[in-house]
Amino acid sequence: MEDQTHKTKFFFQGEEYICSLELAMNIIGGKWKTMIVYHLKDGPMRSGELQRTLPHVSNKMFTQATRELEKNGLIKRVIYAVVPPKVEYQLTEIGESVLPIVLDLAQWGIEISKSQKQKPEYPYR
């Protein structure tokens, strides 16, 4: 299989990338973005519910990560005109397309944990 990652330039939302991996990591890289995608795998979640699945994330980082995922088209933010305000997040088609990779990373984490003789707190699959 021929490596095409360095033979062309890649463009996404007006930005140029020299490598397809650079582009992919810009979209899903970072600690919180992949975890948000993972937790949305079973369907839409309210903002507070989603944030509670990430107990160590600050409000600032949660907001930054969800805004970046929304800007890049991986998640959709739905705002309901009710009192109190209700906001839900859900995966888009692009978000669904990266989910198998995220699930593989989660499984890899389980395997690494097993190799260290430690049990994961909860199964990812």
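Details of the structure are given in the entry above.
Residues numbered from 1 in each chain as written. Predicted model: local features only at pLDDT ≥ 70, side-chain atom pairs only at ≥ 80, totals over all residues. Heavy atoms only, no water.

Engineer: Talk me through helix α5 (residues 93–115); I want residue IDs and the actual numbers.
Structural biologist: Owing to its 3.6 residues per turn, the α-helix brings residues three or four apart onto one side. With 23 residues, α5 extends 34 Å between its outermost C-alpha atoms, agreeing within 8% with the 33 Å of an ideal straight helix rising 1.5 Å per residue. The sharpest bend along α5 measures roughly 35° and falls at leucine 99, with the proline proline 100 sitting one to four residues further on. (Helix = DSSP H or I, 4+ residues; strand = E, 2+ residues; numbered from the N terminus. Expected span 1.5 Å × (residues − 1). Bend = angle between axes of the 7 residues up to and from the residue.)

Engineer: Give a description of the sheet that holds strand β4 (residues 75–80) that names residues and reports values.
Structural biologist: The strand order across the open sheet built from 3 strands is β3-β5-β4, with neighbouring strands paired in antiparallel fashion. Of all strands in the sheet, those bounded by a partner on one side alone are β3 (45–46) and β4. Of the strands in this sheet, β4 and β5 (86–91) touch helix α4 (residues 59–71), which is tilted by about 110° from β4. (Pairing = 2+ DSSP bridges. Contact = heavy atoms within 4.5 Å. Axes fitted to C-alpha atoms, helices over the stretch in contact; angles between N-to-C directions.)

Engineer: Please set out a nonpolar patch on the surface residue by residue, giving values where relevant.
Structural biologist: On the surface, Ile101, Leu105, Trp108 and Ile112 cluster together into a nonpolar patch covering about 420 Å² of accessible area. You can see isoleucine 101 is positioned in helix α5. Isoleucine 101 gets classed as partly exposed once you look at its relative accessible area, which sits at 47%. (Patch = residues over 30% accessible without salt bridge, like charges linked within 9 Å, V, L, I, M, F, W, Y side chains within 5 Å. Areas by Shrake-Rupley, 256 points an atom, 1.4 Å probe, with all protein chains shown as cover. Salt bridge = Lys/Arg side-chain N within 4 Å of Asp/Glu carboxyl O. Buried < 20%, exposed > 50% of the residue type's maximum accessible area, 1.4 Å probe, protein only.)

Engineer: Run through unusual backbone geometry, naming residues and quoting values.
Structural biologist: Residue proline 84 is bonded to the preceding valine 83 through a cis peptide linkage, with omega at 0°. By the secondary structure assignment, proline 84 is in the loop between β4 and β5. The backbone of glutamine 13 shows a phi angle near 50°, a positive value even though the residue is not glycine. The topology assignment puts glutamine 13 in the loop between β1 (10–12) and β2 (15–17).

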